[in-house]
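One letter stands for each residue in the lines below.
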Amino acid sequence: MKKLLLSLVCLLLLAYIGFKGAAWYQVHSLLEQAHDALEKQGVLKWGRIGSSLSGHISVYDLEYQPFLLNQPLRATRVTFSADAVPELMDALGGGPLPGHWTLRAENLHLQLASPLIRDWAGPGNAAINAGLINIPCGTGALGLSTLMSMGVSQVAGDLRIEQDNMLDDTGGLKIDLQAGKLGSVEIRLPGLRLDRTLDEDGNLPGYSGPVDVELRDGGFMRRLAAYCARAVDVGPEDWAEQATRVFSEQLQVTGYQPSDQLRALYKVWLRDGGELKATLAAGEPLLGLPERNRPAGDGAVDPTLGSFDVFYNGARVPDLFVRYLQRPQAQPAVLPQSGRSDNEAATDGPAFRPADPRQAVRWPDRRVRVTLKSGRVVDGRLSKVTDKRLEVTRTVDGGEVAYPLARSAITLFEVWRRTGDVGIEPAPETEAASPLQAAMPTTTDDAGTEPHDSEQHQP
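Residues numbered from 1 in each chain as written. Predicted model: local features only at pLDDT ≥ 70, side-chain atom pairs only at ≥ 80, totals over all residues. Heavy atoms only, no water.

### Here's the deal with the packing of aromatic side chains
One pass over the structure, following the stated rule, counts 4 aromatic pairs. Their ring planes at 15° and their centres at 4.1 Å tell us that F247 and Y266 sit as a pair that is stacked. On the criterion of sequence distance, the pair formed by F247 in helix α6 (residues 236-253) and Y266 in helix α7 (residues 260-272) is long-range, its members being 19 residues apart. In this pair, the class of F247 matches that of Y266, namely buried. On the numbers, 5.2 Å between centres and 75° between planes, the contact of F352 with W416 is edge-to-face. (Phe/Tyr/Trp six-rings, centres within 6.5 Å; stacked < 30°, edge-to-face > 60°. Helix = DSSP H or I, 4+ residues; strand = E, 2+ residues; numbered from the N terminus. Buried < 20%, exposed > 50% of the residue type's maximum accessible area, 1.4 Å probe, protein only.)

### A few points about the nonpolar core
In summary, soluble globular proteins display a tendency toward joint burial of nonpolar side chains. W239 and L320 are the most contacted members of the largest nonpolar core, which totals 34 residues. Only α5 (220-231), α6, α7, β13 (275-281), β15 (310-312) and β17 (322-324) provide two or more residues apiece to this core. The greatest single-element share of this core, amounting to 6 residues, is contributed by α5. Not counting residues up to four positions away in its chain, the partners in contact with L320 are S259, Q261, L262, L265, L289, P290, F308 and V310. Core analysis: the next-biggest nonpolar cluster, separate from the first, contains 22 residues, A23, V59, A82 and L194 among them. (Core = buried A, V, L, I, M, F, W, Y, C linked by side-chain atoms within 4.5 Å. Contact = heavy atoms within 4.5 Å.)

### A few points about a nonpolar patch on the surface
Taken together, the side chains of L5, L8, V9, L11 and L12 make up a nonpolar region of the molecular surface, amounting to roughly 510 Å² of accessible area. Position of V9 relative to the elements: it lies in helix α1 (residues 2-37). Residue V9 is classed as partly exposed on the basis of its relative accessible area, which comes to 47%. (Patch = residues over 30% accessible without salt bridge, like charges linked within 9 Å, V, L, I, M, F, W, Y side chains within 5 Å. Areas by Shrake-Rupley, 256 points an atom, 1.4 Å probe, with all protein chains shown as cover. Salt bridge = Lys/Arg side-chain N within 4 Å of Asp/Glu carboxyl O.)

### Topic: the pairing of strand β1 (residues 42-45)
Going residue by residue along β1, you find G42 and L44 tucked away on one face and V43 and K45 left uncovered on the opposite face. For β1 and strand β3 (residues 56-66), the ladder comprises 4 bridges, and the chain directions are antiparallel. When the bridges of β3 are listed, K45 appears paired with E63. (Pairing = 2+ DSSP bridges.)

### A closer look at the confidence of the model for the chain
The share of residues in the chain with pLDDT of 70 or more is 76%, and the mean pLDDT across the chain is 78. Between residues 120-132, whose pLDDT stays under 50, and residues either more than four places distant or in other chains, the model counts 29 contacts. The model gives residues 299-306 a pLDDT under 50, and that stretch makes 16 contacts with residues more than four places away or in other chains. (pLDDT = per-residue confidence, 0-100.)

Printed below as a string of structure tokens:
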């Protein structure tokens, strides 16, 4: 009996050691793969790896230094949890993710520095200047230096991502970020289930459906309003009115006019902060914000009008929409009797000539010039084409920087070509066969323009 008990203890000890070794090896292999996949964008480092029989695996002292930023992103501990050890080991071994799992990043923090984006990657904070987040503060716009002057030295918080079983409408993917005095944001995608982390092309799976967003500022907006108003010697009310006017002007540049209620909500949020809940529509124009006065021949008319649900401090806010502003029709240039412009009459050589952005797949690796609604102009090599965006790559200081540009933000697409050059004929079955599809994935911002759009530059 004693030998049997001793054998059982030894067997359990060997199983425990085997589990620990297998878990460490699987996680270390995944981290090595991530390191190799990210080596062109940054450097990934980590400390020790721990595991538990309760279905947890942890990586300590994780650090990622993107080449685009001057500061690394750090986490004290990142933990992946499953309901059972077999499901955990199956997921670590490359199998499907379990029906319910949780990923937690504790003490996730980024130290602020000015500039945070390296000069060669994002000159002039182009991501902010090109979007709708240009909030006036003092004599300039709200930026990292302003936050640092307010005593915000870092962005830190705890991140939690949870996948629920899809048995009812309460399931889906939940993302919760708690950032202390900076507030919190909770995002729920009820129709999304991640069975694998990446698809066959190495991209995250697409999602088109409702997105529930809950935003709490934790009192930060009141501090911000007081600081920015004091810098120009006005009250928070006057400062919020000025910032709202700037927001309205920037939105009009993109072809929309905000409703009175949308302006009022924006103003109150800047001045007082609070709790904001909204149900957005992923994949829809303006994330589902209704449009009015759009001509029938210029896209969908009043999509989902009246179904945009926003609650401010628990009360529903009605009449949130934008009015579509009719864009002036471009007048054709008066040509000489020869039927060509003066420049074209002088030469039929290579030059920037307009082309249909819907036919961008015809111009792989060609020099292009793209003009955005924000007024930005990006000039470089067309390196990737997808259904939603074009990617233009430029050479900067001996390296290449890719600029993903949303198709919806493009107002003019030009190709460096001769008059009769029509590019290559795309594959008849699908444009997805284009070699441009093989490039790495990129992201866009909510304003429809891309992070790191640059000003016009002629190489």
